[in-house]
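This is what each chain is made of:
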Amino acid sequence: MAKKNPIGKSSKAAGGWGALKSVGNQLLGSGKPVSGVRIMLKANQPDGFDCPGCAWGDPEHGSSFEFCENGVKAVSWEATKGRTSPGFFAKYSVSELRTWSDYELENQGRLTNPMRYNAQTDHYEPVSWGSAFAEIAKELNSLESPNQAEFYTSGRASNEAAFLYQTFVRLYGTNNFPDCSNMCHEASGVALTESIGIGKGTVLLEDFEKADVIFVVGQNPGTNHPRMLADLRKATERGARVIVFNTLKEKGLHRFSDPQKKLEMIRGGSGSTSTDYYRPLLGGDMAIFRGMAKLVFAAEDAAQAAGKEPVLDHDFIRDHCSDFEAYKKLVQETSWEHIENQSGLTREQIGEAADLYISADKVITAWAMGVTQHKHSVQTIREISSFMFLKGNIGRPGAGLCPVRGHSNVQGDRTVGINEKAPAALMDAMERELGVPMPRERGHNVIDAIGAMMSGQAKAFIGLGGNFARATPDSPLIADAMCKLNLTVNIATKLNHGHLLTGKVSYILPCLGRTEIDYNSKGESQLVTVEDSMSMVHGSGGINKPASEVLKSEVKIISGIANATLGNGVVDWHAMAEDNDKIRDLIARVLPMFGDYNAQIRKPRGFRLRNSAAEREWNTPSGKATFSTDDLPEQTEWQRNQKDDQTFILQTFRSHDQYNTTVYGLDDRYRGVYGEREVVFINPEDMKKLGFKAGDRVDIIGCYDDGIERIAHNFMLVSYDIPYGCVAGYYPELNILVPHQTFGDKSFTPASKSVEVRFRLSSK
Ligand code: SF4
């Protein structure tokens, strides 16, 4: 049957009736439409659960509908009626399941029982928790060194699970913590630590109500942080300027129709979420901020010459900053030709944005993967910070830096110790508390773990959530390497492709979801906690009956493995698993910022972890906010390939029906694609130059010259408003083209936004 043409109209505005229709479909699809609504009314509520979606903050005084369309997708995906039971695994072999798509696998529903892979039958078979923990422990303890094991964490893990995990892994003897943030905001953490002494954003949600100008850079909130649209719209409605730098015209960054505004919905109305929109080339953001800084300095000189009020915040620079003169010299020596060629914007365009910055008193800059997944991302974020220092836009109301994190607790996991670079203060405190030495040598991040698996140095992989093999670059190479491991263990709510990459001994351990009640032995339901992008820590308590009586919480699973592997001589794992308050008490003892933790999280909306930079205290080597001294890259990938009209720069991104590697559906209605994921977005002129037309099927060929063939076969060309030489498509499907050797300086984040590719007509 001919495939329906997947290209259709894209919706006029983000949100709106399209969102309600999508919400309806998701709730119906979960098989529990009525209870689904009841569940959603508890999402992001003080007495409810934290949406397992993104890490956008919750307003102090929120509404009863504190969720978005993608929050409904995340929750109904978890609270589905579907079950992936032992019967399912008896029916389908692992080899067969490997041919299924990511969507088909997860769409089966919730895992119900611990499963062990039987290589003889090529099927997963049910086992008891006890035997699973015992065999996993035997395998871990049989390794020559703890450094032969990789312990992966997905940003969904709660603070309690992540803290207990790092305690277990460090007592086991390694710092091998490949972590999903290595693939997303690592560059933000590294750059901000260098610039302001803390790897986190400095603003609160309330600051978005005060800012005069909000820069939104390399971010697509319409899909990845949808509730942010309401905050941006409110800002434009009160006269603030929302200035967007994004290679793509993203629907959500133009207009938003708020489903909570009944009259507007009836009239089919919407409101602006931005006032100024610029389309830089991939990797061009650093050059933009360098150009704006150049104009700020020029405005300062003009003001001085005219005897007018200074443009720069001299008090802030004098009292709080270091390396100002070096930065000023660097900026003034950077040529406009370099800036314009690299950014893809004209001096006039950059000037418009700079004028808005100069005339504004309070400014916020927010960013996401479009900034963090390049080779020079750390330098870019340092440039953004330096630009913001010029007018003291940090550590005061309505002003500051805001890396918007993707996963609901990716920031929290890092705060409680998921870090291959063992934080000295935490290690000291853990040694004091537990009376045993902690491993101090640097462990493995994601890129290191990939290398260790491919070289055979790694023998075991434990995944606390996530879909490591699909989220990482060079997916086929990772898949091969994982199947050669002695042990693979995946703690998860739903089946995904990574679980089918079985080592000699392989387990899938099903855990409770965020919406489900975790009872302790006294029958009390337990709270877990998460930290959002604004450093707000709040409680989350499940409201649903678990999908299966056999399920255990992430905390109980980690305790079971830890107890079987290490015994409970140092930590009483059972006691910890029985009472999350005990885990929080231990966290508070070794991480003073969590003082009085258990009392604090029982306050509505929880509490804010102290952010030193937001109080203008700089934990940097100089004790000051530190201006960047990084040159602009000589050339970006786009510039390097400019002359060759056969080579393009690919960025991978999410569709609107996707959350990280979880695919909720096959539509991307904001981009007008329906029922299809094997698409590549290309500029119509570039397509013509190649002799192709929209709808043609092509093979996308990776150009990285290391002798490894990287080809994504049979993808459909979609004509799209994207700058020349730039193309885009979805991950995880296109991670096959991202070389594991290309990653960010200092961040080691795969450079998924600047991959060199070519096309040929598909032979299929
Ligand atoms: S904005 Fe993010 S956290 Fe909030 S409901 Fe949507 S997906 Fe969930």
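Being a predicted model, the structure only gives us computed values, none of them experimental.

Here we take up the side chain of Asn220. Within the element layout of this structure, Asn220 appears in the loop between strand S7 (213-217) and helix H10 (221-224). If we ignore the near neighbours within four places in the chain, the residues touching Asn220 are His225, Glu250 and Arg671.

The next point concerns the domain arrangement of the chain. Taken domain by domain, the chain consists of domain 1 (14-78), domain 2 (83-183 + 409-607), domain 3 (186-404) and domain 4 (637-761). Put simply, the middle of domain 2 and the middle of domain 3, counted by C-alpha atoms, are 36 Å apart. Across the contact, 12 residues belong to domain 2 and 13 residues belong to domain 3. Summed over both sides, the interface between domain 2 and domain 3 buries roughly 860 Å², with carbon and sulfur atoms accounting for 44% of that surface. Considering only the surface of domain 2 that becomes buried against domain 3, Met183, Ser533 and Met534 emerge as the three largest contributors, covering 52% of it. Residue Glu186 is joined to Arg414 by a salt bridge in which the shortest nitrogen-to-oxygen separation is 3.0 Å. The element that contributes the greatest number of residues to the side of domain 2 that touches domain 3 is helix H20 (residues 410-415), accounting for 3 residues. Here the side of domain 2 that touches domain 3 is built from residues that sort into 3 nonpolar, 6 polar and 3 charged.

With that out of the way, let us pick up a nonpolar patch on the surface. Together, Val37, Leu41 and Phe65 give the surface a local cluster of nonpolar side chains, amounting to about 250 Å² of exposed area. Inspection of the secondary structure assignment puts Phe65 in the loop between helix H2 (33-40) and helix H3 (69-78). Phe65 gets classed as partly exposed once you look at its relative accessible area, which sits at 43%.

Cis peptide bonds are those with omega within 30 degrees of zero, and the linkage from Tyr731 to Pro732 qualifies with 5°. Residue placement: Pro732 occurs in the loop between strand S28 (726-730) and strand S29 (755-761). With a phi angle near 60°, Asp122 is a residue other than glycine that sits in the positive phi range. Along the chain, Asp122 turns up in the loop between strand S4 (115-118) and strand S5 (123-126). Residues other than glycine seldom take positive phi values, yet Asp474 does so here, at roughly 50°. On the basis of relative accessibility, which here comes to 1%, the residue Asp474 falls in the buried class.

Take the state of the cysteines next. Throughout the structure, instances matching the rule amount to 0 disulfides. No disulfide involves Cys180; its nearest neighbouring cysteine sulfur is the one of Cys184, lying 5.2 Å away.

On to the environment of Glu678. Tracing the backbone through its elements, the reader meets Glu678 in the loop between strand S24 (662-663) and strand S25 (679-682). Residue class for Glu678 comes out partly exposed when judged on its relative accessible area of 35%. Placed 345 residues apart in sequence, Glu678 and Glu333 show a C-alpha to C-alpha distance of 45 Å. Residues in contact with Glu678, not counting those within four places in the same chain, are Arg697, Asn714, Phe715 and Met716.

Neighbouring the ligand are Asn44, Cys51, Gly53, Cys54, Phe67, Cys68, Gly71, Pro226 and Arg227. Tallied by class, the residues present in the shell around the ligand amount to 5 nonpolar, 3 polar and 1 charged.

The biggest cluster of nonpolar side chains holds 59 residues, and the ones touching the most others in it are Ile136, Leu140, Phe151, Phe168, Leu509 and Phe594. Excluding its chain neighbours within four sequence positions, the residues that come into contact with Phe151 are Leu140, Tyr165, Phe168, Val169, Tyr172, Thr174, Asn176, Phe177, Pro178 and Ile462. The next biggest cluster of nonpolar side chains, apart from the first, holds 56 residues, and it includes Val213, Leu312, Ile317 and Leu401.

With that out of the way, let us pick up the sheet that holds strand S19 (residues 536-541). Read across the sheet, 3 strands follow the order S18-S19-S20 without closing on themselves; strand pairing throughout is antiparallel. In this open sheet, the two strands that pair with only one neighbour each are strand S18 (527-531) and strand S20 (607-608). In this sheet, S20 lies alongside S19 in antiparallel orientation, the contact comprising 2 bridges. Each residue of the ladder has a partner; that of Val537, found in S20, is Phe607.

This part covers the pattern of salt bridges. Oppositely charged side chains can pair when the atoms bearing their charge come close. Tallied over the full model, the rule gives 55 salt bridges. Residues Lys362 and Asp361 are paired through a salt bridge, measuring 3.6 Å at the closest nitrogen-oxygen approach. With relative accessibility at 43%, the residue Asp361 sits in the partly exposed group. Here Glu615 and Arg610 are joined by a salt bridge, their closest N and O atoms 2.7 Å apart. Each member of the salt-bridge network shares a partner with another, and the members are Glu69, Lys73, Asp657 and Arg669.

What counts as what
Residues numbered from 1 in each chain as written. Predicted model: local features only at pLDDT ≥ 70, side-chain atom pairs only at ≥ 80, totals over all residues. Heavy atoms only, no water. Helix = DSSP H or I, 4+ residues; strand = E, 2+ residues; numbered from the N terminus. Contact = heavy atoms within 4.5 Å. Domains from an automatic or database assignment. Buried area = accessible area lost by both parts, 1.4 Å probe. Salt bridge = Lys/Arg side-chain N within 4 Å of Asp/Glu carboxyl O. Nonpolar A, V, L, I, M, F, W, Y, C, P; charged D, E, K, R; others polar. Patch = residues over 30% accessible without salt bridge, like charges linked within 9 Å, V, L, I, M, F, W, Y side chains within 5 Å. Areas by Shrake-Rupley, 256 points an atom, 1.4 Å probe, with all protein chains shown as cover. Buried < 20%, exposed > 50% of the residue type's maximum accessible area, 1.4 Å probe, protein only. Disulfide = S-S within 2.5 Å. Near = heavy atom within 4 Å. Core = buried A, V, L, I, M, F, W, Y, C linked by side-chain atoms within 4.5 Å. Pairing = 2+ DSSP bridges.

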